[in-house]
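Chain by chain, the residues run as shown.
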Amino acid sequence: MSTILKPENVELNQTLSSKEEAIRYVGEILNKEGYVSEDYIDSMIQREEVTSTYMGNYVAIPHGTEDAKKSVLETGLSVVTVPEGVDFGDGNIVKLLIGIAGKGDEHLEILSQIALVCSEEENIQKILDAQSKDEVIALFSEVN
């Protein structure tokens, strides 16, 4: 998990004003850290237009379309907390964004791990309350 989710991939207590800004923000982390090429970010927006990546419990997991697989250089995650929340439409407020880039089918395994962490409301609260990036990483690696 260390290369998939490292401190550089985590941003705490951000303020993001729109769903698109939020998705671009998590995508830019993946791009900057070398997991995806820049066009993956647009595919994350396209994916969102097809079906919302809002999962419930204040969590959204933006990721690219199937076609965007070629833009994934390496499997990685970005985690961004937005304590004030960002509106994902239909009254869905997101406070925890988890950007995913999966090479091949690796994203399926990652998705199931994230689902395990995020199915517990107390885990989400712990992530939102985290004072350090390492705390966030520890919460996700417990699932491993």
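Residues numbered from 1 in each chain as written. Predicted model: local features only at pLDDT ≥ 70, side-chain atom pairs only at ≥ 80, totals over all residues. Heavy atoms only, no water.

The name an unreviewed UniProt entry assigns to the protein chain is Mannitol-specific phosphotransferase enzyme IIA component, from the organism Pontibacillus yanchengensis. Quoted verbatim from the Function (unreviewed entry) field of the UniProt record, the comment on the protein chain reads "The phosphoenolpyruvate-dependent sugar phosphotransferase system (sugar PTS), a major carbohydrate active transport system, catalyzes the phosphorylation of incoming sugar substrates concomitantly with their translocation across the cell membrane. The enzyme II CmtAB PTS system is involved in D-mannitol transport." (UniProt positions renumbered as here; feature names shortened; annotations may be inferred.)

Help me understand the packing of helix H4 (residues 121–129) against helix H5 (residues 133–141), please; the structure alone is not making it clear to me.
In a pair of packed helices, the angle between the axes and the distance between the axes together describe the arrangement. Running from amino to carboxyl end, H4 crosses H5 at an angle of 160°, the nearest separation of the two axes being 8 Å. Taken as axis vectors, H4 and H5 run roughly antiparallel relative to one another. For the pair H4 and H5, the crossing hand works out as left-handed. Touching Asn 123, Lys 126 and Ile 127 of H4 are Val 136, Leu 139 and Phe 140, all from H5. When grouped by side-chain class, the residues that make up the contact of H4 with H5 number 4 nonpolar, 1 polar and 1 charged. (Axes fitted to C-alpha atoms, helices over the stretch in contact; angles between N-to-C directions. Helix = DSSP H or I, 4+ residues; strand = E, 2+ residues; numbered from the N terminus. Parallel < 35°, antiparallel > 145°, perpendicular 65-115°, else oblique. Left-handed = near helix turned anticlockwise from the far one by under 90°. Contact = heavy atoms within 4.5 Å. Nonpolar A, V, L, I, M, F, W, Y, C, P; charged D, E, K, R; others polar.)

It is not clear to me how the sheet that holds strand S4 (residues 76–87) should be interpreted in this structure. Could you clarify?
Think of a sheet as strands paired side by side through backbone hydrogen bonds, with each pair either parallel or antiparallel. Pairing within the open sheet is mixed, and its 5 strands lie in the order S1-S4-S5-S3-S2. Of all strands in the sheet, those bounded by a partner on one side alone are strand S1 (10–11) and strand S2 (54–56). Judged from the 8 bridges that link them, S4 and strand S5 (residues 93–101) form a sheet pairing that is antiparallel. Residue pairing for S5: Ser 78 is matched across the bridge by Gly 99. Strands in contact with helix H3 (residues 106–118) are strand S3 (59–60), S4 and S5; relative to S5, the strand with the most contacts, it is inclined by about 155°. (Pairing = 2+ DSSP bridges.)

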